[in-house]
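Chain residues, written in single-letter form:
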Amino acid sequence: MEEEEFFRLLTPQSIVQIEERIAEEKAIKKAEKQAHEEGEEEELAAHEEEEPKPNPKYEAGKKLPLSLKDLFPVEYTSKPLEDFDDFYEAQKTFVVVGKDMTIYRFSATNACYLLSPFNTARRGALYVLVHPLFSALIIITIIVNCAFMAMTEQPFDWIEYVFTGVYTLEALIKITARGFIINNFTYLRDPWNWLDFAVISLAYLEICIIQPLNVDGLGNLAALRTFRVLRALKTVAVIPGLKTIVGALLEAVRRLRDVMILTVFMLSIFALVGMQLYMGTLRQKCATFTNFTYDNTTEGNETLMTYEEAWLEWAMDKDHWYKKEGSDEYLICGKGSGAGSCPPEYICINNTDTNPNSGFTHFDNFGTALLCTFRLMTQDYWENLYQITLRAEGPYHCLYFIIVILLGSFYLVNLILAIVAMSYDETQKQDQADADEEEEERKDDISCGRSSIQQTIHDGLREDYHEYLEEKLSQAKSQSETSLSDHDNADKISLRSNKPDENGQFLSVTKKGSIHGSRLEIQKKSHDEELCHHHGSKHVDPRDMMVLKNLLAHAEGHRNSRHSVVSDFLPFEEEEKPLKDRLYDRFCSWTCCPCYQKFQEIVSIIILDAFVDLFITICILVNTAFMAADQHPKSPELTEVLTYGNYVFTGIFAAEAFLKLIALSPVYYFKDGWNCFDFFIVTLSFVEMALDGVSGLSVLRSFRLLRVFKLARSWQTLNMLIRIVAGTMGALGNLIFVLAIVVFIFAVMGQQLFRDGYIREYGDDMPRWSFIDFLHSFMIIFRVLCGEWIESMWSCTNSNGPACVPFFLLTYVIGNLVVLNLFLALLLNSFGAESLSGGEAEEDKEPNKLSEAIGRFKRFGRWVKVKVIVCLKVKMKAKPKPTDRSPSTPRLNGKETIPDGGQTYSNGTVIEMQAKSEDDDEHSVPGDVEVEDNHSPDKSTTIVLEDEKKMEDNTQPNSSASPRESLSSNSHHSLSDDDTKLSLTKVNADGEPEINEVKVTYANYPDDCFCKVCRRKCPCCIRFENTSWGKRAWKIRCLAYALVEHKYFETFIITMILASSVALAIEDVYLDERPTLKQILEITDKFFTAIFIVEMFIKWTAFGYKKYFTDAWCWLDFVIVGISIMMLVFEIIGMDKVSAIKAMRTLRALRPLRAVSRWEGMRVVVNALIKAIPSIANVMMVCLIFWLIFGIVGVQFFAGKFFKCVDADGNKLSPNITANRTECEAKGYEWINSKVNFDNVLMAYLALFQVATYKGWIDVMNDAIDSKNIDEQPEREDNVYMYLYFVFFIIFGSFFTLNLFIGVIIENFNQQKKKAGGSLEMFMTEDQKKYYKAMKRMAAKSPQKSIPRPGNIIMGWIFDAVTNQKFDIGIMIIIMLNMLTMALEHYKQSDMFTTILDQINMTFIIIFTIECVLKLIGLRHYYFKFPWNIFDFIVVVLSIVGEIVSVALSDVMDQFLVSPTLLRVVRVFRVGRVLRLVKSAKGIRTLLFSLAVSLPALFNIALLLFLVMFIYATFGMSFFMHVKHQYGIDDCFNFETFFRSMIYLFQMCTSAGWDSALAGITNEVDCIEETTELPDGTMQYRDCGNYQAGVLFLTSYLIISFLVVVNMYIAVILENFSQATEDVQQGLTSDEFDLFYEKWEKFDPEATKFIALSQLSDFVDYLEEPLRLPKPNHFMLVKLDIPICEDDKVYCRDILDALTKNFLGTSDTPGEIDVNEVDKDKEKIEYNVASSTLLRQKEHYAARIIQKAWRRYRNERGNTSPPPYDMVISKESDMVTSKESDMATSKDSKETATTVHEDTSSTKSVKSDASNKQIAGSSVDVHIEIPESEITEETAMLSPENRTVELRADSDVVA
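Below: a short report on this structure.

Inspection of the entire model under this criterion finds 44 salt bridges. Across the salt bridge formed by glutamate 426 and arginine 255, the nearest N and O atoms sit 2.6 Å from each other. Taken as a pair, glutamate 426 in helix H16 (residues 398-456) and arginine 255 in helix H11 (residues 240-278) lie far apart in primary sequence, 171 residues in all. Here arginine 1221 and aspartate 1271 are joined by a salt bridge, their closest N and O atoms 3.7 Å apart. On the criterion of sequence distance, the pair formed by arginine 1221 in helix H46 (residues 1221-1226) and aspartate 1271 in the loop between helix H48 (1257-1266) and helix H49 (1283-1315) is long-range, its members being 50 residues apart. Among the charged side chains, a network of salt bridges with common partners joins Glu1050, Glu1095, Lys1099, Asp1117, Arg1154 and Arg1158.

Okay, structure coming up:
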């Protein structure tokens, strides 16, 4: 197609043509419709399938595809062209291509009924609309408008009108160019334009109606004006990359529908349970009774109060309630056991009129209960709710919270993450596929263009060109120091025309005819046209130009390599080099005189050496340490050292940069990104030194920190992390923009909606977090993104009413759950295997200088080692021992041997020798041979040398002794007999240590006691073994071995471990009050120690020391037992009171760890964790580096600035009272520091950890933004822009680095899975795997016998009603209504309301009782077969009992253990039954299915979490048992008892409230320093905290539980969810099989597993999707080839198997799989396959053909003529009947409704084997071949090889 043909201008003629095509299409459709009415369905169906779709490449808004860009005539830009997408050829559309090659599509109808496409005004509008400057102008306007909207006060009144004017103009241009709304591609057909239209309409509504009339009745104007914020969204419509991200977001939101439904459902249930349990309980307060007096006299005429009334009035007065220290909240108390108690002189009262947190936190009605459960799910400040509820109700209620946190928070929230991640993944894959397609297309174009270019350039020209090139190259050789031979390896650009370079492109090409254009056209013949279709005939094909461009780009790329000489000297390069490049070459490639080049060479040898790199790396580390040494009270000496250190390091780095610059010359120096980075930092260091005195530039010092990143050059993980961050930044660019838009919109909306409310409510006492201006609004929204919404919402609701709730929830859901999760999804995505493998690949490409330097040291070390050993050997030769080997040292590969089985290669690599001998007769094996028991039958002796790769510096190339020689040289000291295999394996000295799982092999006798070395060195052992004592010892060992291997031995030990753990848990704060218990515990402790010691000795005896001490788990046991022994020893000497030894006692807490190795489920998890440790540690290190940078910056910003002046009560004074430290101390106030500060790097780490976990971060930020200079009193929000430091830290330090933990763990999980995929699955194709999984699920199911219908007519009716699906759905609706009425209950409801609810409840009880009775009648004893029915029965019985009891004894109800209402809530779970019946609920089923799949793994992880909590609880009890109650430690939450510690640690495993716990356990002021005994004999314990122990305890606990174990939980959920989704999308879930059998019951009530063939068609039609085959399904059943048994029965498994294969699309069954899996069931049922649906169809078809032939033969035959066909029917009887075959008339063949062509001319060869004579009266063998011309629809269903039919039929039937 020529370019003029492909792009054609739109003319009136074109429109006429389009109209003709439209008319044509209408006519075709009309004809089709008529045909359809006449019943020709098949043709119609075939026609419908090929529905055309628009070509995605030519979509509006996309750029013109590459293949067309070069064809596009420039003069056609911005002009209407005919639509080049075939899809629109019969639609009135046209296309305009803008200057930036973007495609725009318009309607070719008249715009607004007036303007035709040829109208000048419309043409003008079109030109403006497609111009790139137009959209740029609109974007600028929007950005400026946004800036104005963010201002609190508008600087100009008229500015709003300007923006409205611009937007109106834009809309008018669009409407003029496009039309308004009627046709496609008009203005309002684009949803983004709706937004514009709404914004403009609102603006005019405001200007024209509201302002002039000054109407107040139209509601809050601000609310309407707020919608202007949505203009920010317009940027999305204009910037192309954003649309994909927004697409992914919308896709995610669409998919979240199911999760949202499930979440709301689960939360409602939790809320109902919460209401039943905690309604009104949070109103309990502590009231004082000290000053209460009852006055029973009446003064005046006041009515006399009773005592109760007077007390009530006193108690309800808020002034008499107890407030918590340091807060405005009242203390909550409870009356149950373990609940919070009141301080002395206070009493607990209930039914007060206020709830906690300004009355927002309570379960008094359904709405707030739902909000509370949502708050638990999002884990926002949930520790507060947890603590007050447990204080009010008692510690056992933590169960409610555990369930909500595990199911709601861990499961549902992470499901949202999983779904967002998946939808992002899919959009990503889609984009990738598009990009690949485009790439392919480009390659096709190039190859196509290349073939024509090849012919374009003349041979002669080629030769000239080559001579020219060679001449140039010879010049180049003389000039350049580089030899071309290097170059040949670097890039193989060939200089021969017919040989392509590595990209397959030819170099014999010129650029735009720069070599004599005339020659280019020599061979431009019509031949080109054949090669490539779209060419112009006049000039060179534009595609050729593309190839040229590509080649030039290629040559450019090669010039990056330093030695790329060829491309530098291509002739056309010289002619057309831009001035910039020429200057760059002249001034930056420093190649002047030869002596300078020599100097350059010397410098490069020095500076590019590996040792210099090592030195620089060490300098970076030391420099970082210097910078980290900065601290607040800094001595002058330290300051001086740091200053000089800085100068020295700056000098070193500057020298390195300068020398590298000389060595590489600027051209190549600046090509490397790292070098640019170095240069930048060196420059900054000099700038900073120059500006040293200038204040306010201390920020520049922080840039020095970036040097840390130079480590990334040699540190792989850091490099990978930086690459991931950089890589995500590209993709994140758009996402961050979307995030910014979302934050901006919500911030401005909040500011516009709520600002006035805040000013009204708070006045001057404004809270720090408010919507008062844009910065504060931004921070609130940012805080919501971090997951903290509830507290800001409370202050907002106080000032603005309930409108805040939806605003904050919407912000949270959109900002945090969707956009932020997309961020995380992106991160996980880029964390995929590619990045890890990419890192390694890169390492291979560029040798790591650092490892090279370290390698040199290692090699040196090995060399020294060899020399030392040689010296030792020489000395040992001097005094030989009798057992030693002969003096001559055997040599292998020309190197001396090393003792203990080691052998070195020439480069010093150590090799170890192992000899595996069959018998235990080791004493004859001396010296260097290590023996292992290996019962190998082979009797030959072989020596295997495994040499991996020769190192580069092979010092002795000649030393290559052959294996045989070395064996012979070893022979005199090696083998006592020849059943030994010697193998030499190279020891990998520099690899990472591998963690080997210990595989237990069961043998019947113990291993050797000691390792081989000991036996060799100590010959007396061997002599002892042969004495009678030795033999007895062996017997004892065998006995011990038998004991240890006995199954009850492990059980006993596990019991002991658990018992000793329980004993540890009992040792709590009340132990001193129970002396007997204390004594018992001391005795049991010794008893356990004794047992564990005995166990250890038995194991030593049984396994031998070698085996015992090579098992990691045994080491763990050994260490723990060792500690116990030491404790016993110290106790005996009487040193057990020493504090260091007391601390050692606490290590007993590790005892429960021993249970791990003995508990299978836990061991799996721990092993997975251990394997993840290296990568987790790596990520930890990287996090620490990242944080170090922020920490050092923090120290520079805030060191010493967190001090403040406080009064006696601890309140901060205002700067007006005391301006600085001296004033403060002069006035007698206290000058104190904050507990968490930035005074040194370690403190900074702690502060940053609080910020990263969002706990205690508000205080840290408040201190930071209030800070002024050192020793000045901080002033509120004096330094407000410091917020940005924290925002950046949270983005990089928290979003990125903390989420990397999830990334690492998931990555690790996947790798474990790949390893443990099982050998069977490894060898299967994807299809086979799916089929295999489906088969495994199928094998688990079999048809149930359906419940027999009762004989009694009435019972029969009831049975039918009860088993009907509609009955179930009806009951479900009633359950939902019941739930609704339960949700209407609230605290202190009116009596009337209570009565009505009781009546309704009664009705429900009656309905459920009736349901229960009906089911009992209908189903009889089968009713109790179903668990749900038993549950229903219990609920009904309890409800009735509850009603009776509550009517009779209303007071007793309160004492009921479980209220029946609670059980009614549980009934809601019956909804689960309906989910299976609702087709649209498939998504929710998947979610629940994935939860079910995850449960076993989650249980193991929960066990591990429990173990960690157990150990930490015991540690906590021993360290912090007596800590003073203050900050986060109080009477309910502390480490005094085991149970309280566990409750507290559970709260902190989500990182909740750890900051206040830390403050409590590290408090060292105002407390008792020493433990003393009081005169009355009681002990007064030291109640101070311990700072170091506290920080270590909590941070290690958080890292293990919050970052690792909880993230494993997340990893499992993500993994299983994607698995379940995959199963649902590709395979079949067990649900589908359940449904299949449910439907089967209707057809096979007796559960015989067979149905009649005649029922098959109905049955498969009756099934649910996806297995259903809707009618007409005859041919599908034929194609499925389902086996038919005797009596025309079909077996259920066969049908299911066939349908499964059909659904999966796997026609070929992996034979080896289903045999063993599925046939288990078939073995039980004997049945013989007689035929199959496919065979049956063939038989019918054959029968028809024969009948037809026979009839024709009968009709045409005289009495004599032979058959006209080549057909002999062998028969015994003379008579052949023409009776119609039973088969042919069977029901099946009628259903097929086929027509058999009566075509005489066609060749139907029906041959019968005449030789194959049949027995009289039996049957006939016929061979039928259907010719191609005869293939009808039914035979087309058969595959070609099946069109030949072997048929056997009864002889009385014509066959």
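After presenting the structure, the write-up continues.
Before going further, it helps to spend a moment on the nonpolar core. Residues Phe808 and Phe1238 are the most contacted members of the largest nonpolar core, which totals 269 residues. Apart from the residues within four sequence positions on either side, phenylalanine 808 is in contact with Phe771, Ile780, Val784, Trp789, Ser792, Met793 and Cys796. Counting 30 residues, the second largest nonpolar core, distinct from the first, contains Ile1651, Leu1653, Val1660 and Tyr1691.

The next point concerns the state of the cysteines. A full pass over the atoms with the stated rule returns five disulfides. Note that cysteine 796 is cross-linked by a disulfide to cysteine 804, the S-S spacing being 1.9 Å. As the torsion about the S-S bond is roughly -65°, the cysteine 796-cysteine 804 disulfide counts as left-handed. Classification of cysteine 796 as buried rests on a relative accessible area of 0%. For cysteine 804, a relative accessible area of 0% corresponds to the buried category.

So, about unusual backbone geometry. The omega angle of the peptide bond from lysine 1671 to proline 1672 is -10°, so this bond is cis rather than trans. Its location among the elements puts proline 1672 in the loop between helix H64 (1653-1662) and helix H65 (1674-1680). Positive phi, normally seen in glycine, also occurs at phenylalanine 185, with a value near 60°. By secondary structure assignment, the location of phenylalanine 185 is in the loop between helix H7 (159-178) and helix H8 (191-213). For phenylalanine 185, a relative accessible area of 22% translates into the label partly exposed.

Strand order in the open sheet made by the three strands is E1-E2-E3, with antiparallel pairing throughout. Each edge of the open sheet is held by one strand with a lone partner, namely strand E1 (80-82) and strand E3 (103-107). In this sheet, neighbouring strand axes are inclined to one another by 40° on average, regardless of whether the strands run parallel or antiparallel. Where E1 meets strand E2 (residues 93-97), three bridges bridge the pair, whose relative direction is antiparallel. Pairing of glutamate 82 across the sheet is with phenylalanine 94, part of E2.

Here we take up the packing of helix H45 (residues 1160-1198) against helix H47 (residues 1241-1252). Each pair of packed helices can be summarised by the angle the axes make with each other and by the distance between the axes. For the pair H45 and H47, interaxial distance at closest approach is 9 Å and the crossing angle is 110°. Here H45 is positioned roughly perpendicular relative to H47, judged by the angle of their axes. The two elements H45 and H47 cross, and the hand of that crossing is right-handed. Packed against H45, whose contacting residues are Leu1184, Trp1187, Leu1188, Phe1190, Gly1191, Ile1192 and Val1195, the element H47 presents Val1241, Ala1244, Tyr1245, Leu1248, Phe1249 and Ala1252 at the interface. Of the residues assigned to the contact of H45 with H47, the class counts are 12 nonpolar, one polar and no charged.

Let's shift gears to the environment of serine 799. Mapped onto the elements of the fold, serine 799 is located in helix H32 (residues 790-800). Judged by its relative accessible area of 10%, serine 799 is buried. Along the primary structure serine 799 and isoleucine 759 are separated by 40 residues, whereas in three dimensions their C-alpha atoms are 8.5 Å apart. For serine 799, the side chain forms a polar contact with the side chain of asparagine 800, separated by 3.1 Å.

Glancing now at a negative patch on the surface. On the surface, Asp431, Asp434, Asp436, Glu437, Glu438, Glu440 and Asp444 cluster together into a negatively charged patch. Relative to the helices and strands, aspartate 436 resides in helix H16.

It is worth spelling out helix H55 (residues 1427-1448) at this point. Helical geometry note: an α-helix holds 3.6 residues per turn, so side chains three or four residues apart project in the same direction. Taking 1.5 Å per residue as the helical rise, H55 with its 22 residues ought to reach 32 Å, and the 32 Å between its terminal C-alpha atoms agrees with that figure. Those residues of H55 that sit buried are Asn1429, Asp1432, Val1435, Val1436, Ser1439, Gly1442, Glu1443 and Val1445.

Turning our attention to the packing of aromatic side chains. Considering all chains together, one arrives at 103 aromatic pairs under this definition. Ring geometry for phenylalanine 754 and phenylalanine 771: centres 5.6 Å apart, planes at 50°, overall tilted. With a gap of 17 residues between them, phenylalanine 754 in helix H30 (residues 716-762) and phenylalanine 771 in the loop between H30 and helix H31 (774-785) connect regions that are remote in the sequence. Of the two residues, phenylalanine 754 and phenylalanine 771, both sit in the buried class. Ring geometry for phenylalanine 807 against phenylalanine 808: centres 5.7 Å apart, planes inclined by 85°, an arrangement best described as edge-to-face.

Turning next to the environment of asparagine 1279. Here asparagine 1279 lies in the loop between H48 and H49. The exposure class assigned to asparagine 1279 is partly exposed, which follows from its relative accessible area of 24%. For the pair asparagine 1279 and isoleucine 1265, spaced 14 residues apart in sequence, the C-alpha separation works out to 4.6 Å. Not counting residues within four places of it along the chain, the set of residues in contact with asparagine 1279 comprises Ala1264, Ile1265 and Ser1267.

The next subject is the packing of helix H41 (residues 1075-1108) against helix H42 (residues 1112-1133). At a minimum axis separation of 10 Å, H41 and H42 run at an interaxial angle of 135°. By the angle between their directions, the pair H41 and H42 is classed as oblique. Of the two possible hands of crossing, H41 and H42 adopt the one that is left-handed. The segment H41 lies against H42, with Lys1086, Thr1089, Phe1092, Ile1093, Glu1095, Met1096, Lys1099, Trp1100 and Tyr1108 engaging Cys1114, Asp1117, Phe1118, Val1121, Ser1124, Ile1125, Leu1128 and Glu1131. Split into classes, the residues belonging to the contact of H41 with H42 amount to 10 nonpolar, two polar and five charged.

Now for the pairing of E3. Burial of E3 is extensive: five of the five residues sit out of reach of the surface. As paired elements, E2 and E3 share five bridges and run antiparallel to each other. Along E3, the bridge assignment pairs valine 95 with arginine 105. Two successive antiparallel strands, E2 and E3, enclose a turn made up of five residues, where methionine 101 displays a positive phi of approximately 65°.

Another point: the side chain of threonine 141. Of note, threonine 141 is situated in helix H6 (residues 132-149). Overall, threonine 141 belongs to the buried group, its relative accessible area being 10%. Look past the residues within four positions of threonine 141 in its chain and what remains in contact with it is Phe163, Val166 and Tyr167.

Within this model, the largest cavity holds a volume of roughly 900 Å³. Of all the secondary-structure elements, those providing two or more residues to the lining of the largest cavity are H16, helix H33 (804-830), H49 and helix H62 (1587-1625). Sort the elements by how many residues they give to the lining of the largest cavity and H33 lands first, with seven residues.

To continue, consider the pairing of E2. Within E2, five of the five residues are buried, leaving the element largely enclosed by the surrounding structure. Residues Thr93, Val95 and Val97 line one face of E2 and the alternating positions Phe94 and Val96 line the opposite face, and both faces are buried.

About the cut-offs
Residues numbered from 1 in each chain as written. Predicted model: local features only at pLDDT ≥ 70, side-chain atom pairs only at ≥ 80, totals over all residues. Heavy atoms only, no water. Salt bridge = Lys/Arg side-chain N within 4 Å of Asp/Glu carboxyl O. Helix = DSSP H or I, 4+ residues; strand = E, 2+ residues; numbered from the N terminus. Core = buried A, V, L, I, M, F, W, Y, C linked by side-chain atoms within 4.5 Å. Buried < 20%, exposed > 50% of the residue type's maximum accessible area, 1.4 Å probe, protein only. Contact = heavy atoms within 4.5 Å. Disulfide = S-S within 2.5 Å. Pairing = 2+ DSSP bridges. Axes fitted to C-alpha atoms, helices over the stretch in contact; angles between N-to-C directions. Parallel < 35°, antiparallel > 145°, perpendicular 65-115°, else oblique. Left-handed = near helix turned anticlockwise from the far one by under 90°. Nonpolar A, V, L, I, M, F, W, Y, C, P; charged D, E, K, R; others polar. Polar contact = N/O pair within 3.5 Å; in protein donor to acceptor, adjacent residues only side chain to side chain. Patch = residues over 30% accessible without salt bridge, like charges linked within 9 Å, V, L, I, M, F, W, Y side chains within 5 Å. Areas by Shrake-Rupley, 256 points an atom, 1.4 Å probe, with all protein chains shown as cover. Lys, Arg positive; Asp, Glu negative; His and termini not counted. Charge placed at Lys NZ, Arg CZ, Asp CG, Glu CD. Expected span 1.5 Å × (residues − 1). Phe/Tyr/Trp six-rings, centres within 6.5 Å; stacked < 30°, edge-to-face > 60°. 1 Å grid on protein atoms, 1.4 Å probe; cavity = no way out; pocket = protein on both sides within 12 Å on 5 of 7 lines; lining within 4 Å. Points joined across faces, edges and corners; volume = space filled by probe spheres on them.

Scope: geometric values only; no functional claims are made or implied.
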